Amino acid sequence: MSDLFDVLWLNASPILKRFDKPLLEYLSGYISVAQWEYQQTKDEASCIDQAVDLVYDFLKSRHRPVHLAGHGMGGAIALTFARRFPEKVRSLTLLAVAAQPANNWQAHYYFQRQLFSISRELVLASNVRSLFGNQPPHTTKKLVAALDKDLEQSPSSHSLFKLVYLPKGGVSMPMMVCGSKSDPVVNPLALHDWLNWFKPEDKLWECPEGYHFFHYFYPQQVGEEILSFWQHHHPHLVKASALSFSTSTN
């Protein structure tokens, strides 16, 4: 069954996966995409190693390497998997993943909690503005609840007592790193730090707007760039109509 798709999208946040949907729907029009989801239980230790092992269990019977992709924590899991099992990965695409992969929105949240003596709710509301831009009050309330849930479900090791870090560095397969110029979490400086580990075949692309979830606000623009990257390293993978549309818009 694992050979029935070409791209595997990793998601480690069940409550936030809705923001991946527009991009995945766009990509699915041109290429076979499978979604792999991970939900941490309340009694489980906060660590991405368990998620990486489960991805391997899912792909171990696959006969050919997969194009691996993910946003945020999903991207950090994809990066760790690609380093540990490079023979399983044809290319790696990371969205909103800093060169220090642990510097995600949760690290941003806990740093603010340590820095300012304000409530959890106020910090989460501030994070909503950082991740999504200014939203109406009713939307902000829903997004605060979603981020609050993500703090419980995501396999992040960050806490009020300690911010953890993951190894920095690149991978052996072609890699694309995408970010947004208006993302205060994975800001342009954190994104450009990737260049220190880039190979000639790697690519960095920045969306002009869209904050942290730029792929939700601009799914077609992001999708065209990713499809072009996959097509470059895997000719005939993407339908010709996708490539011709992408190149005509550049």
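One can find the structure itself at the top, above this paragraph.
Starting afresh in each chain, residues are numbered from 1 along the sequence in its written order. The model is predicted, so local features are restricted to residues of pLDDT at least 70 and side-chain atom pairs to those at 80 or more, both for listing and for counting; the totals for chains, interfaces and linings are taken over all residues. Remark: hydrogens and water are excluded; side-chain values derive from all non-hydrogen atoms of the structure.

Caption draft 1: Molecular detail of the state of the cysteines. When two cysteine sulfur atoms lie within 2.5 Å, the pair is treated as a disulfide. Scanning all chains against the criterion turns up zero disulfides. Not part of a disulfide, C178 finds its nearest cysteine sulfur in C207, a span of 9.1 Å. Buried, partly exposed and exposed residues are distinguished by accessible area as a fraction of the type maximum, computed with a 1.4 Å probe on protein chains only: under 20%, between the cut-offs, and over 50%, respectively. You can call C178 buried: its relative accessible area is 0%.

Caption draft 2: A nonpolar patch on the surface, seen in detail. Together, F111, L115, F116, I118 and L122 give the surface a local cluster of nonpolar side chains, amounting to about 490 Å² of exposed area. Exposure remark for I118: the relative accessible area of 38% places this residue in the partly exposed category. A residue counts toward a patch only above 30% relative accessible area and without a salt bridge, and it is joined to like-charged neighbours within 9 Å or, for Val, Leu, Ile, Met, Phe, Trp and Tyr, to nonpolar neighbours within 5 Å. Here the open area of atoms and residues is found with the Shrake-Rupley method and a 1.4 Å probe, where only the protein chains shown may cover a residue. The term salt bridge refers to a side-chain nitrogen of Lys or Arg lying within 4 Å of a carboxyl oxygen of Asp or Glu.

Caption draft 3: A look at the sheet that holds strand 1 (residues 7-11). We call two strands paired when DSSP finds no fewer than two bridges between them. Helix and strand definitions here come from DSSP, where helices need a minimum of 4 consecutive H or I residues and strands a minimum of 2 consecutive E residues; each element is numbered from the N-terminal end. One open sheet holds the six strands; their spatial order is 2-1-3-4-5-6, and the pairing between them is parallel. At either end of the open sheet lies a strand with only one pairing partner, and these are strand 2 (33-37) and strand 6 (203-207). Averaged over all adjacent pairs, the angle separating strand axes in this sheet is 20°, with direction ignored. Of the strands in this sheet, strand 1, strand 2 and strand 3 (66-71) are in contact with helix 2 (residues 49-59), which crosses strand 2 at around 140°. We call two residues in contact whenever any of their non-hydrogen atoms come within 4.5 Å of each other. To obtain an axis, a line is fitted to C-alpha atoms, over the contacting stretch when the element is a helix, and the angle between two such axes runs from 0 to 180 degrees between their N-to-C directions. Its contacts with the sheet place helix 9 (residues 219-233) against strand 1, strand 3, strand 4 (89-95), strand 5 (175-180) and strand 6, and it is angled at close to 160° to strand 4.

Caption draft 4: Main features of the pattern of salt bridges. According to the stated counting rule, one finds nine salt bridges in the structure shown. The residue D49 makes a salt bridge to R84 at a minimum N-O spacing of 3.2 Å. Taken together, the residues D49 in helix 2 and R84 in helix 3 (residues 73-84) connect sequence positions 35 residues apart. Note on D49: relative accessible area 34%, which makes it partly exposed. By relative accessible area, R84 is classed as partly exposed at 37%. Between K168 and D193 there is a salt bridge, with the nearest N and O atoms lying 2.8 Å from each other. Highlighted residues: K168 in the loop between helix 6 (137-153) and strand 5 and D193 in the loop between helix 7 (188-192) and strand 6, separated in sequence by 25 residues. With relative accessibility at 41%, the residue K168 sits in the partly exposed group. Through salt bridges with shared partners, one network takes in D49, D53 and R84.

Scope: geometric values only; no functional claims are made or implied.
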